[in-house]
Amino acid sequence: MNRIRPFPPSIAFRKAWLAGFLLLAASPVRAGLTAGQLIDQVGISQADVARLQKGEIVSYSVVETGSKSLATGIAMYLKTAPARIVEVVRRGELAARDPDVTARGVVPSGAGVEAFAKFAYGRAQVDEARDLLNVRPGSGFNLSAEEIAGFAALKASLASDDDETVVEAVSRQYRSVLAARLRAYRSKGLAGMAAYERGDGDKADPAAELTDAIRASKLLGDRFPGLQKALLGYPAEMPAGAEDSFIWLNRMVQGRPTPILVHRIIHAGNDGALLLQSAFYVGHSYDVSQTLAGTVPYLDGALVFYSVRSSTDQVTGLGEALKHSIGRGQMEKEMIEKFRVLKASVKG
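A.B. asks: Would you explain unusual backbone geometry in this entry?
C.D. replies: Excluding glycine, most residues fall at negative phi; most peptide bonds, likewise, are trans. Look at the link from Tyr234 to Pro235: it is a cis peptide, with omega at 15 degrees. With respect to the element layout, Pro235 can be found in the loop between helix 10 (225-233) and strand 6 (242-253). Residue Ser285 is not a glycine yet carries a positive backbone phi of 80 degrees. Following the sequence through the fold, Ser285 ends up in the loop between strand 8 (273-282) and strand 9 (288-298). Phi is positive for Leu299, which is not a glycine, with a value near 50 degrees. One can find Leu299 in the loop between strand 9 and strand 10 (301-311). Judged by its relative accessible area of 59%, Leu299 falls in the exposed class.

See the structure below:
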């Protein structure tokens, strides 16, 4: 039987935040955007600008695209050069503070299932593996009808039901799921994202949800329309100065191992960085996320900004407005704590 746990929004989206912020570990980039333009674009008030200049962390509103959408943004001024921020992240100081990532990897162009060799369930996660052997349409896992059938066929083929056999077989099957999902996205982009079966004829459409999130970004649409077009039209060619890559993560979310597939784009130059990330497959808890992070010169240092839009069924239904309000508040709290860690790191 699929297990559904109570949803604390901050946990899932804190994970999406950290994965997105790790994108700063790229070369310093010319963002093509001044701090003043950015402040106006995202709607940071004059009162909050004064707070920024005092070194405070401020939040700003990010448009949510529907009942399943949860979104927010934060910004901070650091008296250090953007290149220094990039250096700190490159050294892995922020990644080292995320104990919930148990494995990760880069997926080179043309790679297959072998790129996911380090993705595996452990002996302590045998219950999760057994749930996958018995998976049915529902909210416990984000799987297509074909993927659910694959796990059913795997169960029927097993010669033994011992824990070691189950964990190894389910890990192997899920590596095939990840490889197929990535191959479909690389080949067809958003059109290659299979729907999640929810039961009783209901489906979640991660492609539509991710499309809405990308289109909702006025910062992208107004300042970087070429990048927005590249995301929506992938695998169309990236605009000049942009580089893209793919990574996978196995991250603990709500106490459960969670495979995540990420498409990231870095737009570069000498005085800042613009960083985009689409989590186009997530194993459970939320459907997709779209993040936008970066750093640009500001006064005698750098303005660092980050926004995230994620989509989940778990902030809908009875008490929806309250769920969204609590979710945004918790998400901002977690993001602010990460910014404090960054501030301490660049000073060290």
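A.B. asks: Just checking my understanding: could you explain the pattern of salt bridges for this structure?
C.D. replies: Pairing is possible between side chains of opposite charge, provided their charged atoms come close. One pass over the full model with this rule turns up 15 salt bridges. Linking Lys68 and Asp313 is a salt bridge whose minimum nitrogen-to-oxygen distance equals 3.0 Å. Of the two residues, Lys68 is situated in the loop between strand 1 (58-60) and strand 2 (69-78) and Asp313 in the loop between strand 10 and helix 11 (320-347); the sequence distance between them amounts to 245 residues. Using a relative accessible area of 17% as the deciding quantity, one classes Lys68 as buried. Residue Asp313 is classed as partly exposed on the basis of its relative accessible area of 28%.

Conventions used here
Residues numbered from 1 in each chain as written. Predicted model: local features only at pLDDT ≥ 70, side-chain atom pairs only at ≥ 80, totals over all residues. Heavy atoms only, no water. Helix = DSSP H or I, 4+ residues; strand = E, 2+ residues; numbered from the N terminus. Buried < 20%, exposed > 50% of the residue type's maximum accessible area, 1.4 Å probe, protein only. Salt bridge = Lys/Arg side-chain N within 4 Å of Asp/Glu carboxyl O.

Interpretation note: all reported values are geometric properties and have no functional meaning in isolation.
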